[in-house]
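# Descriptive analysis of the structure
Each chain is listed here by its residues.
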Amino acid sequence: MDNDHSLLFDLNGKMPKLHLAFPMALQHLVAMIVGCVTPSIIIADLAALPPSQSVLLIQTSLVTAGVSTLLQLFIGARLPMIMGVSFAYLSSMQAIVSGFGLAEIFGAQIVGGAIAIVIGIFAKRIQNLFPPLITGTVVFTIGLSLYPTAITYMAGGSGNPDFGSWQNWLVAIFTLAIVTTCNHFGKGLIKLASILIGIAAGYIISIPFGMVSLSSVADASIIALPKLMPFGIRFELSAVFAFAILFAINSIQAIGDMSATTIGGMNREPDGDELKRGIICYGASNILASLFGGLPTATYSQNVGIVSTTKVVNRKVISLTAAMLVIAGLIPKFSAVLTTIPQCVLGGATVSVFASIAMTGMKLVVSQPMNYRNTSIVGLSAALGVGISQVTEALNQFPDWVTMVFAKSPVVVATIVAVILNIILPKDEKKM
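Let us look at the overall build of the chain. Across its full length, the chain carries 20 helices and two strands. In terms of overall dimensions, the chain is globule-like: its C-alpha atoms have a radius of gyration of 21 Å, near the 22 Å expected for 432 residues. Taking the principal axes of the C-alpha coordinates as reference, the chain spans close to 65 × 60 × 45 Å. Looking at the 432 residues of the chain, the share that counts as buried comes to 54%. One finds the centroid of the 22 positive side-chain charges in the chain at a distance of 8 Å from the centroid of its 17 negative side-chain charges.

Below, the discussion takes up the nonpolar core. If you look at the biggest cluster of nonpolar residues, it comprises 102 residues, and the most contacted ones within it are Ile43 and Ile105. By residue number, the principal contributor to this core is helix α12 (residues 237-266), which donates 14 residues. Residues in contact with Ile43, not counting those within four places in the same chain, are Leu57, Leu90, Met93, Gln94, Val97, Leu102, Ile105 and Leu295. One finds Leu8, Leu20, Val312 and Val317 within the second-largest nonpolar core, a separate group that totals five residues.

A full pass over the atoms with the stated rule returns eight aromatic pairs. Geometrically, the ring pair formed by Phe106 and Phe231 is stacked, given 6.0 Å between the ring centres and 15 degrees between the ring planes. Here Phe106 is found in helix α5 (residues 102-121), whereas its partner Phe231 is found in the loop between α11 (215-219) and α12, with 125 residues between them in sequence. The pair formed by Phe106 and Phe231 is uniform in burial state, with each residue classed as buried. Grouped by ring-pair contacts, the aromatic residues Tyr89, Phe243, Phe247 and Tyr282 constitute a single cluster.

So, on to the side chain of Glu104. Residue placement: Glu104 occurs in helix α5. Judged by relative accessible area, Glu104 falls into the buried class, the value being 9%. Looking at Glu104, its side chain comes within polar contact range of the side chain of Arg234, at 2.8 Å. Sequence-distant contacts of Glu104, that is, excluding residues within four places in its chain, are made with Ile96, Arg234, Glu236 and Ala239.

This paragraph deals with the environment of Ile233. Topologically, Ile233 is positioned in the loop between α11 and α12. Residue contacts for Ile233: discarding those within four places in its chain leaves Ala103, Phe106, Gly107, Ile110, Ser290 and Leu291.

The next point concerns the confidence of the model for the chain. As a note on interpretation, predicted positions should not be read in detail where pLDDT is low. Summarising the model, the chain shows a mean pLDDT of 88, and 98% of its residues fall at 70 or more. Helix α1 (residues 2-6) is the least confidently modelled element of the chain, averaging 69 in pLDDT, while α5 averages 95, the highest of any element.

Where nonpolar side chains cluster on the molecular surface, the patch consists of Trp166, Leu170, Phe174, Ile205 and Phe209 and spans about 470 Å² of accessible area. A per-element tally of the nonpolar patch places helix α8 (residues 166-185) first, with three residues. Its place among the elements puts Phe209 in the loop between α10 (194-206) and α11.

On to the layout of surface pockets, then. Of the volumes computed, that of the largest pocket is approximately 1400 Å³. As for the largest pocket, its lining consists of 46 residues, and the residues nearest its centre are Ser301, Gln302, Val353, Ser356 and Thr360. With nine residues, helix α17 (residues 343-366) is the largest single contributor of residues to the lining of the largest pocket. Empty space within the second largest pocket amounts to approximately 640 Å³. Mapped by element, the contributors of at least two residues to the lining of the second largest pocket are α2 (18-46), α3 (51-74), α8, α11 and α17. For the lining of the second largest pocket, the element with the most residues is α3, which contributes four residues. In terms of residue class, the lining of the second largest pocket is built from 14 nonpolar, 13 polar and two charged.

Between its first and last C-alpha atoms α8 spans 27 Å; for 20 residues at 1.5 Å apiece the expected length is 28 Å, and the two agree. Every buried residue of α8 is accounted for by Asn168, Val171, Ala172, Thr175, Val179 and Cys182. Each buried residue of α8 sits inside an arc of 100 degrees when the element is viewed along its axis, so together they form one side. Residues of α8 that are exposed and point over 90 degrees away from its buried face: Trp166, His184 and Phe185. Buried residues along α8 sit in contact with α7 (132-154), α9 (189-192), α10 and α17.

Further remarks concern the pattern of salt bridges. According to the stated counting rule, one finds two salt bridges in the structure shown. A salt bridge links Glu104 to Arg234; the nearest nitrogen and oxygen atoms lie 2.8 Å apart. Of the two residues, Glu104 sits in helix α5 while Arg234 sits in the loop between α11 and α12, which places them 130 residues apart along the sequence. Residue Arg234 is classed as partly exposed on the basis of its relative accessible area, which comes to 45%. Between Arg268 and Glu274 there is a salt bridge; the shortest N-O distance is 2.8 Å. On the accessibility criterion, Arg268 (31% relative accessible area) is partly exposed.

Cut-off values and rules
Residues numbered from 1 in each chain as written. Predicted model: local features only at pLDDT ≥ 70, side-chain atom pairs only at ≥ 80, totals over all residues. Heavy atoms only, no water. Helix = DSSP H or I, 4+ residues; strand = E, 2+ residues; numbered from the N terminus. Rg over C-alpha atoms; globule rule 2.2 N^0.38 Å. Buried < 20%, exposed > 50% of the residue type's maximum accessible area, 1.4 Å probe, protein only. Lys, Arg positive; Asp, Glu negative; His and termini not counted. Charge placed at Lys NZ, Arg CZ, Asp CG, Glu CD. Core = buried A, V, L, I, M, F, W, Y, C linked by side-chain atoms within 4.5 Å. Contact = heavy atoms within 4.5 Å. Phe/Tyr/Trp six-rings, centres within 6.5 Å; stacked < 30°, edge-to-face > 60°. Polar contact = N/O pair within 3.5 Å; in protein donor to acceptor, adjacent residues only side chain to side chain. pLDDT = per-residue confidence, 0-100. Patch = residues over 30% accessible without salt bridge, like charges linked within 9 Å, V, L, I, M, F, W, Y side chains within 5 Å. Areas by Shrake-Rupley, 256 points an atom, 1.4 Å probe, with all protein chains shown as cover. Salt bridge = Lys/Arg side-chain N within 4 Å of Asp/Glu carboxyl O. 1 Å grid on protein atoms, 1.4 Å probe; cavity = no way out; pocket = protein on both sides within 12 Å on 5 of 7 lines; lining within 4 Å. Points joined across faces, edges and corners; volume = space filled by probe spheres on them. Nonpolar A, V, L, I, M, F, W, Y, C, P; charged D, E, K, R; others polar. Expected span 1.5 Å × (residues − 1). Arc of directions from axis to C-beta.

Spelled out as C-alpha cells, the structure:
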C-alpha cells in the first residue's frame, strides 16, 4: 500500500490503484470544468447559436481540453498540467463575434497557435520582453475587462426581457454567496469545487422562478463525435492581430505555470526542453482545436495550485482528468444540461473568477518594485487599455479595423504600451 501510495508522487510512475488515483483526478476536474465550459456558453449566447450548435460548441471545448491535456502530458512539456478553454481570450472573442462571426475566432486561433509555436522555438530570447511586470499588467487588464460581462450576466443577460429584475439579482447574489462561503470557510474538495457547488445551488434556487428549461436536453443525442470545422474558418486581419498578442502573452504565462508546477510539485526549475516543448505543444494543440471548433485553450493556474499543494505529479493520474473531459465532451446530453444554466447563476459564479484573474495580475505586478517607473508602466498601460475599450467611440474617426483591434478589448493596447514603456523608460530612477 505504501509503495502504491508513493506512485502518486512519481512523475513517470505507473498508474496507482483507482481508489487512490480517481479522487486526485476528480479534484482537478471539479476545479476547472466550470471555467472550461463557461466561455463557450457565453460565446454561444452572444453568437445566437441554436441549441444544437451551442451544445456542439461546449462539447468540442471539453474534448479539445482533454486532448490538449493529453498531448501536453505525454508529448509536450510532459509535466502534470491541465489545459482548458481560457477566460483570457473571452473579451477578444466577444469583440470578434460581435464584429464578424464565430468562424473568425477559429481563423485567428490558427494564426495564434502558429505564433505560439514560434515563441516556443525562441522562448528564451522573447521571454525578456514579457517580465512579470508586463504579464501582470496585461492579466490585470483582462480581469478588469471581464467585469461588465459578469455584471450583465448577474442581471440576467443581454436581451433578457427580465434583465435587471430582483429575481435575477437574488439568484446571482445567492450563487456568489455560496461560492464565497465555500472558498473562505470550506476545506479540501469543498474549497476546490466552490464554483461548481455555487452553480449547483444557484441552479436549484432558480428553478422555482421559471428560469430553467430542459427542452434542449431532451432533444440532444446521447453520444456524438466531434466534427471537422463545424463552425467554419475565416481569417480577418484585425481578429488575427488581437489573437497574436493574446497567444504571445499566454505563451509567456505558460512558462510561469510550468515553472510553478515544477517548483511547487517537484522542487526544481523546468529545463529548457520542457519549456520549449510545452509552448510548442500549446500552439499546436490550439491549431488542432480550431479545426474541430474548440475555443482557445491555455494552462490552468488553479490546477497548478492543486499540484503544488498535494505534490501529486503522476502524469497518468492527471491523464484520468483528461479522459473524463473527453468522455464528458462526447455526451451531448451532458453539454445540453450546461446550456440550461441561467445566466444570472453564471454571472454570480464567474464574477469571483474574473476578480481572481485581475488579482492574479496584480500579484505579478507587486512582485516587482513599485517605484515610479514601474507604477507609470502599469498605470498608463491599464488606463489606456481599459479606458479606450470603455469608450470605443473615441476611435470613430479611424477605419473600422482600428476600432476592432484597439478598442474592443484592452489587451492589445495595454500590451503594446507596457512593452514599449518597459523598453524606453530608464531603469535607474535617478536618471528620471
